[in-house]
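Spelled out from the first residue to the last, the chains are:
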Amino acid sequence: MLQVLSALLWSVASTAPDAHGANPPRVLVYTVSAGYEHEVVRRAAPDELSIVERALVDLGSRSGAFQAVVSREAAAFEAASLAQFQAVLFYTTGELPLSAAQRAGLFEFVRSGGGFVGVHSATDTFYTVPEYGAMIGATFDGHPWHERVSIAVEDPTHIATQHLGERFDFVDEIYQFKAPYSRAGVHVLLSLAPDGLDVAREPVHRQDRDFALAWTRPFGDGRVFYSALGHRPEVWKDARFLTHLAGGIRWALGDEPQVKLSPEDDARRSFALAESGNPRAGFGVFKRESGPMCGRCHVVNGTGTEVGPDLSSVALRLTQSELLTAILAPSAAITHGYGAVTLDMKDGTQIFGRVTNESETALTLIDTTGTARSIAREAVLARLASKISAMPDGLAATLTNEEFRDLFAYVRTLKAPPPTAVEPK
Ligand code: HEC
């Protein structure tokens, strides 16, 4: 172990200073296999890094965004050790040899603002520790495919996926997940595009055919990034995967592109982050039939209209700063599946809104006031996906800083446990 660490320190010390100066954030890379040991984490000799360890050390030093420090020692999870890191990365399997106190130390580290990055079999880990599943957001449920698949990029604005286009082909072992996985509780970045794949074969369990492959979520004040990719050795040489992983690590370390807001909205944002508001008063603002009228377009706990996503669990899947961006600059990060369209009509007019239903002859479209109407297909000349959200910008303009702070305090309480009704067998 000492030899490994000194080899590592040498490689880090030999790289040029970077954007973070001499002290980039430190990421603890832990690759212990208590279950199946993947080829990519196997060390040829005790003092030689595995493929994963080598790749992460190189990725950190090349990008200058972080310093990867490898360890396979349980002692790395003692509080005094964890205090020297800004994030922890797991490529692990099984019931890891960490004591209850060391596990609690890890959860506390993340809850209090640390980053956690899970790669591939990090979901095939700690089945007997429910809090671990609650943190990472899913449990491994087999790998029905190992072939070339098509992967859909659900969030093309995220730093972990913005280089991947709308879709890409990839050869790897592909996981499926069971509870606690729920789309309500994670912000999905990548998912399997089922076309051309046998989604009915054994051992495909998910009836809802929801095969998310990478996501983010908050955990307390900390940030969790998970990617299911990374089984095959050649994946660790694939620039698309490495950029995806580096972006996920940066996000877990708190690096998130800040959207430019008006000075007024910027003041609302700072005020809402600095002061703890009153969620009850905020619920009043949310439901009010004047001003931003959030309740007109969103369902919460079963009531409201679904122009936008159901917000009952939104604070489980978005961090505080992501929630603020979603509210203050909706067009900067449009939720997958809730994009708006512009219809060019044959009579020369244009209609803007979100399509909520389609039949062979008509579409139902909800406009930005939350009003639904049915439109005959034959009256439509062209249909264009819009870069503008159906949730209007500038919604908070009519609110005082105090009202906005309270509204945000309310939105942050929206953590209804995700439904497990669709849990696969
Ligand atoms: C005119 C309808 C409309 C109104 C009014 C509206 N929203 Fe939205 N909202 C949407 C749509 C559509 C989306 C999805 C597209 C997007 O992400 O911009 C959305 C997305 C969101 C999201 C992101 C959800 C996710 O799962 O990613 C949040 C949070 C949100 N809205 C909160 C609010 C709040 C708070 C208000 C009141 C200030 C509000 N909305 C008012 C239509 C609306």
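Residues numbered from 1 in each chain as written. Predicted model: local features only at pLDDT ≥ 70, side-chain atom pairs only at ≥ 80, totals over all residues.

**Describing the overall build of the chain**
Counting its secondary structure elements, the chain contains 12 helices and 16 strands. Here the C-alpha radius of gyration of the chain, 23 Å, is about what a compact globule of 425 residues would show, namely 22 Å. Looking at the chain residue by residue over its 425 residues, the buried ones come to 41%. Long-range contacts, defined as pairs at least 24 residues apart, comprise 75% of the intrachain contacts of the chain with a sequence gap of at least 6. (Helix = DSSP H or I, 4+ residues; strand = E, 2+ residues; numbered from the N terminus. Rg over C-alpha atoms; globule rule 2.2 N^0.38 Å. Buried ≥ 20, exposed ≤ 12 C-beta atoms within 10 Å, placed from the backbone. Contact = placed C-beta atoms within 7 Å.)

**Focus on the pairing of strand S16 (residues 380–385)**
Of all six residues that make up S16, zero are buried, and the element is exposed over most of its length. Pairing of strand S12 (residues 341–345) with S16, which is carried by five bridges, proceeds in the antiparallel orientation. Bridge assignment links Leu343 to a residue of S16, and that residue is Arg383. (Pairing = 2+ DSSP bridges.)

**Some words on the sheet that holds S16**
Taking strand neighbours across the sheet as the criterion, the five strands line up as S15-S14-S13-S12-S16 in an open arrangement whose pairing is antiparallel. Looking along the sheet, the strands with just one partner apiece sit at the ends: strand S15 (372–376) and S16. Ignoring strand direction, the axes of neighbouring strands in this sheet form an average angle of 45°. Relative to strand S14 (residues 362–366), strand S13 (residues 350–358) runs antiparallel, the two being bridged by four bridges. Residue pairing for S14: Arg354 is matched across the bridge by Ile366. (Axes fitted to C-alpha atoms, helices over the stretch in contact; angles between N-to-C directions.)

**Some remarks on the site of the ligand**
The ligand sits among 28 residues. The nearest are Cys294, Cys297, Gly308, Ser389 and Met391. At the level of secondary structure, the elements contributing two or more residues to the shell around the ligand comprise helix H9 (294–297), helix H11 (320–328) and helix H12 (401–412). Both domains that meet at the shell around the ligand, namely domain 2 (263–333 + 391–412) and domain 3 (341–385), each give it at least three residues. (Near = placed C-beta within 6 Å. Domains from an automatic or database assignment.)

**What to know about the pairing of S14**
Counting the residues between successive antiparallel strands, the hairpin from S13 to S14 contains three residues. Judged from the five bridges that link them, S14 and S15 form a sheet pairing that is antiparallel. From the neighbouring strand, Leu363 faces S15, where its bridge partner is Ile375. If you look at the hairpin formed by S14 and S15, you'll find five residues sitting between the two strands, and Gly370 has a positive phi there, around 85°.

**What about the sheet that holds strand S2 (residues 67–70)?**
By definition, the strands of a sheet pair up through backbone hydrogen bonds, in either a parallel or an antiparallel sense. Within the open sheet, the nine strands sit side by side as S2-S1-S3-S4-S11-S10-S9-S6-S7. Their pairing is mixed. Looking at which strands have only one partner, the edges of the open sheet turn out to be S2 and strand S7 (167–174). On average, each strand axis in the sheet is inclined to that of its neighbour by 25°, with strand direction left out of account. By the bridge criterion, six bridges tie strand S10 (residues 212–219) to strand S11 (residues 222–227) in an arrangement that is antiparallel. Bridged to Arg217 within S11 is Val224. Docked against the sheet, helix H4 (residues 100–111) engages strand S3 (87–90), strand S4 (115–119), S10 and S11, running at close to 110° with respect to S11. In the packing of helix H6 (residues 239–252) onto the sheet, the strands contacted are strand S1 (26–30), S3, S4, S7, S10 and S11, and the crossing angle to S11 comes to about 165°.

**Focus on the domain arrangement of the chain**
According to the domain assignment, the chain contains domain 1 (2–252), domain 2 (263–333 + 391–412) and domain 3 (341–385). Each of domain 2 and domain 3 was reduced to a C-alpha centroid, and the two centroids are 27 Å apart. Partitioned by chemical class, the residues of the side of domain 2 that touches domain 3 number three nonpolar, one polar and one charged. (Nonpolar A, V, L, I, M, F, W, Y, C, P; charged D, E, K, R; others polar.)

**Some remarks on the environment of Leu89**
Examined against the element boundaries, Leu89 turns out to sit in strand S3. Distance in space between the C-alpha atoms of Leu89 and Leu311 is 30 Å, their sequence separation being 222 residues.

**Here's the deal with the packing of helix H8 (residues 279–287) against H12**
Contact geometry for H8 and H12: axes closest at 7 Å, N-to-C directions at 100°. Compared by their axis directions, H8 and H12 come out roughly perpendicular. Between H8 and H12, the residues in contact are Pro279, Ala281, Gly282, Phe283, Val285 and Phe286 and Glu403, Asp406, Leu407, Phe408, Ala409 and Tyr410, respectively. Looking at the contact of H8 with H12 residue by residue, the class counts come to nine nonpolar, one polar and two charged. (Parallel < 35°, antiparallel > 145°, perpendicular 65-115°, else oblique.)

**Let's talk about helix H2 (residues 51–63)**
Compared with an ideal rise of 1.5 Å per residue, which puts 13 residues at 18 Å, H2 spans 18 Å between its outermost C-alpha atoms and is within 8% of the ideal. If you check which residues of H2 are buried, you get Ile51, Val52, Glu53, Ala55, Leu56, Val57, Gly60 and Ser61. (Expected span 1.5 Å × (residues − 1).)

**Digging into the environment of Thr361**
Within the fold, Thr361 resides in the loop between S13 and S14. Distance from Thr361 to Lys346, taken between C-alpha atoms, is 15 Å for residues 15 residues apart in sequence. If sequence neighbours within four positions are ignored, Thr361 has contacts with Ala376 and Arg377.

**Notes on unusual backbone geometry**
A negative phi holds for most residues other than glycine; trans holds for most peptide bonds. A cis amide bond, omega 10°, links Ala179 with the succeeding residue Pro180. Position of Pro180 among the secondary structure elements: in the loop between strand S8 (177–178) and strand S9 (187–193). Of note in the backbone geometry, His120 takes a positive phi value of approximately 45° without being a glycine. A tally of 27 C-beta atoms within 10 Å means that His120 is categorised as buried. Of note, Met293 is a non-glycine position whose phi angle comes to about 50°, a positive value. Its place among the elements puts Met293 in the loop between H8 and H9.

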